[in-house]
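# Chains, contacts and geometry: an overview
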Amino acid sequence: MPELAAIRSDTEDQVDLLERRVSRAAGVEAALLADEVERQRRLKAQATFLEGWGRYYQAWLTDDPRRALDAEPLFVELLETGLPAPRPSDVSEDLRALESFARSILGLALVRGYAQNPRAGLEWLELLDSTEAYGPLRNELPAWRLAIRLDGGDFPGAVKVLEGLAGREPRAPTAWFRLAAARALESLAREASGSAGGGPGVRELADLAVAELAARGELAEVLTLARSYGAERLGGDGFVLRYVRGVERYEAARAGHTGDGPAPTAEQRQAFLDAARELAAALQEPDAAVFGGAAAGCRALVGWCLY
């Protein structure tokens, strides 16, 4: 970001210098200078764009919403309204078709949603819900609505977005549900540790997102969440969730017994028996037949536990 800021400053100085030279030039020289002015302006816009996103991501990764405000004037500058504090109605409709312009609107929406409140961000995001807006970004709007609500801690609002995505055709990307699950489980983990977290709707959001991942047969995704946040926080029933809990218990038992032969102590044997019971229970779930390959793996793990 310091390098980008320096580029912005240098190109601004270059533009001022070149514009003065253009005013004194004529003919071919004037045309060449005008081209260079335009090139420097594009370079400044690119540096401004990247610095804006860099400052937003820095705030997000350090969990400091106040730092996101440093990105706001950069995105505002890119919207070319000529106003220091524009409203959504001040933004050009025609320019929304350009990717860089549309993503600048998105950047401002995320900054406002994170640093102020979800409503402030969603107000700007609605500018992209138009046939005039850049198409690929318009198709991603449900995910960005979800992200703004998650950043602002609006879990009930995130539940509503996710419910709409669950029944959508064509099917919404799995990554969107993984995002919701991870953020909800992360919040529950913080709550359990005594730090800020939890709140209305967070348990419902976690259950909804994990259930959708399970229904899609995303075993690897659910297992990753279990390893990151603890299988006990996943909740729910069904083959996938019980299988994941069984796998986690099996891995814990295996970590406590490093040999290749049968476990030598009663405590180690009990750990394998507990894992076997959870895995066997997964095979008894009504939806187990849907997951043929995973069910076969589950039966193999039961065998290894008993061995």
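Up top is the structure these notes are about.
Here's what I pulled together on the structure shown here. Predicted model, so just to flag it, every value in this text is computed and none were measured. (Residues numbered from 1 in each chain as written. Predicted model: local features only at pLDDT ≥ 70, side-chain atom pairs only at ≥ 80, totals over all residues. Heavy atoms only, no water.)

### Points about the overall build of the protein
Operational definition: Secondary structure elements are defined from DSSP: runs of H or I of at least 4 residues count as helices, runs of E of at least 2 residues count as strands, and each element is numbered from the N terminus. To get the radius of gyration, use the C-alpha atoms; to get the globule rule, take the number of residues to the power 0.38 and multiply by 2.2 Å. Using a 1.4 Å probe on the protein chains alone, a residue whose accessible area is under 20% of its type maximum counts as buried, one over 50% counts as exposed, and one in between counts as partly exposed. Here, residues are in contact when the closest pair of their heavy atoms is within 4.5 Å. Surface exposure here means Shrake-Rupley accessible area, sampled with a 1.4 Å probe, where a residue is shielded only by the protein chains that are shown. As used throughout, the charge tally considers Lys and Arg to be positive and Asp and Glu to be negative, leaving His and the chain termini uncounted. Where a charge lies is defined by one atom per residue type, namely NZ (Lys), CZ (Arg), CG (Asp) and CD (Glu).
Within the protein one finds 15 helices and zero strands. Against the globule reference of 19 Å for 307 residues, the protein gives a C-alpha radius of gyration of 26 Å, more extended than a compact globule. Taking the principal axes of the C-alpha coordinates as reference, the protein spans close to 90 × 40 × 40 Å. In the protein, which comprises 307 residues, the share counted as buried stands at 44%. Across the protein, every contact between residues at least 6 apart in sequence was considered, and the portion connecting residues at least 24 apart equals 60%. With an accessible surface of roughly 15900 Å², the protein has 52% of that area assigned to carbon and sulfur atoms. Taking the average place of the 36 positive charges on the side chains of the protein and the average place of its 47 negative ones, the gap between the two points comes to 2 Å.

### Section: the packing of aromatic side chains
This is how the line gets drawn: Pairing of aromatic rings covers Phe, Tyr and the six-membered ring of Trp, with a centre-to-centre limit of 6.5 Å; geometry is then stacked below 30 degrees between planes, edge-to-face above 60, and tilted otherwise.
Summed over the entire model, instances satisfying the criterion amount to 10 aromatic pairs. Taken together, the ring pairs in this structure connect Phe 49, Trp 53, Tyr 56, Tyr 57, Phe 75 and Tyr 114 into an aromatic cluster.

### Remarks on the layout of surface pockets
Where we set the bar: Residues are said to line a cavity or pocket when one of their atoms sits within 4 Å of a point; the points come from a 1 Å grid over protein atoms alone, cavities being sets where a 1.4 Å probe fits but cannot get out and pockets being open sets with protein on both sides within 12 Å along at least five of seven lines. Grid points are joined across faces, edges and corners, and a volume is the space filled by probe spheres set on the points. Each residue is assigned to one class: nonpolar for Ala, Val, Leu, Ile, Met, Phe, Trp, Tyr, Cys and Pro, charged for Asp, Glu, Lys and Arg, and polar for all the others, Gly among them.
The computed volume of the largest pocket comes to approximately 450 Å³. Together, 17 residues line the largest pocket, and Asp 63, Asp 151, Arg 183, Glu 186 and Arg 190 are the ones closest to its centre. Of all the secondary-structure elements, those providing two or more residues to the lining of the largest pocket are helix H2 (27–61), helix H8 (141–151) and helix H10 (174–193). Broken down by class, the residue content of the lining of the largest pocket amounts to seven nonpolar, five polar and five charged. Here the second largest pocket defines a volume of roughly 370 Å³. Around the second largest pocket, the lining is made up of 15 residues, and of these Arg 41, Ala 45, Glu 77, Leu 78 and Glu 80 lie nearest the centre.

### Considerations on the packing of helix H13 (residues 239–255) against helix H15 (residues 292–306)
What counts here: Geometry is summarised by axes, namely lines fitted to C-alpha atoms with helices restricted to the contacting stretch, and by angles between N-to-C directions that run from 0 to 180 degrees. Take the far helix as the reference: if the near one is turned anticlockwise from it by less than a right angle, the crossing is left-handed, and if turned clockwise, right-handed.
Running from amino to carboxyl end, H13 crosses H15 at an angle of 30°, the nearest separation of the two axes being 11 Å. Between H13 and H15 lies a crossing of left-handed hand. Between H13 and H15, the residues in contact are Phe 239, Tyr 243, Val 247 and Tyr 250 and Ala 294, Ala 295, Gly 297, Cys 298, Leu 301, Trp 304 and Cys 305, respectively. Partitioning the contact of H13 with H15 into residue classes produces 10 nonpolar, one polar and no charged.

### A few points about a nonpolar patch on the surface
Quick reminder of the rule: Patch construction takes residues with relative accessible area above 30% that form no salt bridge. Like charges are linked within 9 Å, and nonpolar side chains (Val, Leu, Ile, Met, Phe, Trp, Tyr) are linked within 5 Å. For salt bridges, the criterion is a side-chain nitrogen of Lys or Arg within 4 Å of an Asp or Glu carboxyl oxygen.
There is a patch of nonpolar side chains on the surface, built from Tyr 57, Trp 60 and Leu 61 and spanning about 340 Å² of accessible area. Position of Leu 61 relative to the elements: it lies in helix H2. Given the relative accessible area of 66%, Leu 61 is considered exposed.

### A closer look at the state of the cysteines
Under the convention used in this document: Throughout, a disulfide means two cysteine sulfur atoms within 2.5 Å of one another.
Under the definition given, this model contains zero disulfides. The thiol sulfur of Cys 298 is not disulfide-bonded, and the nearest other cysteine sulfur, from Cys 305, lies at 9.1 Å. Judged by its relative accessible area of 5%, Cys 305 is buried.

All we've got here are geometric facts, nothing functional implied.
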